[in-house]
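Report on the structure
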Amino acid sequence: MFYKLKTSIINKSIFKRNKNHSFNYFEAERFLINNNDDPLINNSYYFSAHEGDFSIFLRLGIRSNMIETWFVLLSNQDKYQLKEERYPDLDSSPIKVYLDDESNQWKIVFKGKVIHNNLEEVDLAFNATFHSEHRYLDFSTDMPSIRMAKAIGQEKWNKSLFDNLNNISGQTHYEQVGRLVGRFTINKNETKFDLACVRDHSFGRRDWDYMNNHLWLMAVSPNLDQFNYSLVSYPVVSILEVGNYLKDNHMRYLISSDFDLSILEKGENLSSIKLKVLLDDHQEIEINAKVIDTTLYHFKDDQYTLIENIAYYEIENKKYKGILEVGFNKNKDRIFNGKDTKSLKR
């Protein structure tokens with residue numbers, strides 16, 4: 001009874017807030033870190049492009065005291081990976097990401113050494129442009145407010161809860177589907193590419209050690225249909241689930257899922273996944289994924305491990321490809337705040 005009442009109160013509050021505070025896309029695109037910002041403030045650019053036997057994902061996470069870097073290129077059986085996960089500043093980073101003022105498009109440049117199939121070091125030069133005619137999706141204002149309301153509604157309400165919600169409410173996070181077009185050169189051999197891609201930009205406070213665990217499924221098709229499912233657990237909110245499904249240029253949003261949370265209780269990587277989600281148009285769809293490649297990343301002195309998997313997907317009998325990302329705090333007792341997953345209200 002109290003859960004339903006609390007959920008209703010929070011749902012109305014979030015809906016009203018979102019209605020009165022629109023997302024400023026122009027300002028978000030131009031957000032920059034200042035040298036005197038708190039090191040917990042993060043400005044993260046992520047691109048994930050997949051089609052056929054080819055995949056690219058990269059991340060540039062900018063903080064005032066360090067740069068977090070990912071770069072993986074997978075072509076058939078060949079994997080090229082940047083092993084270094086952080087650099088002291090942007091000048092030393094081999095990855096550059098910037099918004100070109102003239103074209104108003106995102107440009108990515110990589111020039112440095114990568115490891116080929118965990119065996120040999122090679123020089124790789126990469127240059128790409130992200131093109132899109134699709135509207136962005138803002139995770140705060142576009143997602144159904146009921147999702148956050150359910151997350152907060154099941155927690156014990158007190159002053160500490162609402163004070164600690166500030167730890168997760170100050171993050172701006174939006175995505176956009178499009179195409180990543182460019183070329184790369186290895187040992188003087190040039191390869192051109194044109195891939196379906198999802199661009200992710202987030203900024204604000206991000207303390208990796210504050211997270212208990214998370215799961216992110218992102219699948220994209222050659223014609224730019226796209227599926228997203230995100231689950232995260234924090235000390236203040238035991239579980240928050242959101243998602244969306246873009247098909248034939250029509251966006252629908254997740255209302256609920258039947259994902260078996262117990263799969264994450266061991267704090268281990270996944271080799272496959274299967275779930276059903278209910279969308280806001282009352283349609284239920286099934287998602288199946290199989291992992292084909294895995295890369296590990298480490299944050300906050302190994303307090304949090306993020307596992308970035310590349311996976312093949314099948315959704316409504318259609319082939320997709322994308323990311324199956326899962327992460328865990330070093331303290332595995334914190335997964336879902338140690339709660340029985342069957343007791344969590346979703």
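The coordinates are above.
Parameters and conventions
- Residues numbered from 1 in each chain as written.
- Predicted model: local features only at pLDDT ≥ 70, side-chain atom pairs only at ≥ 80, totals over all residues.
- Heavy atoms only, no water.
- Helix = DSSP H or I, 4+ residues; strand = E, 2+ residues; numbered from the N terminus.
- Rg over C-alpha atoms; globule rule 2.2 N^0.38 Å.
- Buried < 20%, exposed > 50% of the residue type's maximum accessible area, 1.4 Å probe, protein only.
- Contact = heavy atoms within 4.5 Å.
- Areas by Shrake-Rupley, 256 points an atom, 1.4 Å probe, with all protein chains shown as cover.
- Pairing = 2+ DSSP bridges.
- Axes fitted to C-alpha atoms, helices over the stretch in contact; angles between N-to-C directions.
- Patch = residues over 30% accessible without salt bridge, like charges linked within 9 Å, V, L, I, M, F, W, Y side chains within 5 Å.
- Salt bridge = Lys/Arg side-chain N within 4 Å of Asp/Glu carboxyl O.
- Lys, Arg positive; Asp, Glu negative; His and termini not counted.
- Charge placed at Lys NZ, Arg CZ, Asp CG, Glu CD.
- Polar contact = N/O pair within 3.5 Å; in protein donor to acceptor, adjacent residues only side chain to side chain.
- Phe/Tyr/Trp six-rings, centres within 6.5 Å; stacked < 30°, edge-to-face > 60°.
- Lys NZ or Arg CZ within 6 Å of the ring centre and 35° of its normal.

From N to C terminus, the protein includes five helices and 19 strands. In summary, the protein has a C-alpha radius of gyration of 20 Å against a globular reference of 20 Å for 346 residues, a match within 12%. Dimensions along the principal axes, computed over C-alpha positions, put the protein at roughly 65 × 50 × 40 Å. Per-residue burial over the protein gives 53% buried out of 346 residues. Restricting to contacts in the protein with at least 6 residues of sequence separation, those with at least 24 account for 61%. When the accessible surface of the protein is split by element, carbon and sulfur atoms take 48% of a total near 16,500 Å².

Hydrogen bonds between backbone groups are what pair the strands of a sheet, and the pairing can be parallel or antiparallel. Read around the closed barrel, the eight strands follow the order β12-β13-β14-β15-β16-β17-β18-β19; overall the barrel is antiparallel. Direction aside, the axes of adjacent strands within the sheet are offset by 30° on average. Together, β14 (240–247) and β15 (250–257) form the strand contacts of helix α3 (residues 145–153), whose direction differs from that of β14 by roughly 165°.

Attention now moves to a negative patch on the surface. On the surface, a cluster of negative charge is contributed by Asp258, Asp260, Glu265, Glu284, Glu286 and Asp340. Within the secondary structure, Glu265 sits in the loop between β15 and β16 (272–279). A relative accessible area of 39% means that Glu265 is categorised as partly exposed.

Taken across its eight residues, strand β13 (residues 226–233) has eight buried, putting it largely inside the fold. Alternating residues of β13 divide into Gln226, Asn228, Ser230 and Val232 and Phe227, Tyr229, Leu231 and Ser233, and every residue in both groups is buried. Direction of pairing for strand β12 (residues 213–220) relative to β13: antiparallel, over a ladder of eight bridges. Opposite Asn213, over in β13, you have Ser233 as the bridge partner. The pairing of β13 with β14 spans seven bridges and is classified as antiparallel. Opposite Ser230, over in β14, you have Val242 as the bridge partner. Taking the residues that link successive antiparallel strands as the turn, the β13-β14 hairpin has six residues.

Here the focus is the side chain of Asp293. Counting through the fold element by element, Asp293 comes out in strand β17 (residues 284–299). Within the local environment of Asp293, its side chain forms a polar contact with the side chain of Lys79, the two groups lying 3.0 Å apart. Not counting chain neighbours up to four residues away, the residues in contact with Asp293 comprise Leu74, Lys79, Glu308, Asn309 and Ile310.

Moving on, we come to the packing of aromatic side chains. Applying the stated criterion across every chain yields a total of 23 aromatic pairs. Ring geometry for Phe23 against Tyr174: centres 5.1 Å apart, planes inclined by 55°, an arrangement best described as tilted. With Phe23 in the loop between α1 (2–20) and α2 (25–29) and Tyr174 in strand β10 (residues 172–186), this pair connects stretches of sequence that are 151 residues apart. Across the pair, exposure class does not vary: Phe23 and Tyr174 are buried alike. The structure contains a cluster of three or more aromatic residues connected by ring pairs, namely Phe54, Phe71, Phe110, Phe126, Phe184 and Phe193. Against the face of Phe26 rests Arg30, its NZ or CZ located 3.8 Å from the ring centre.

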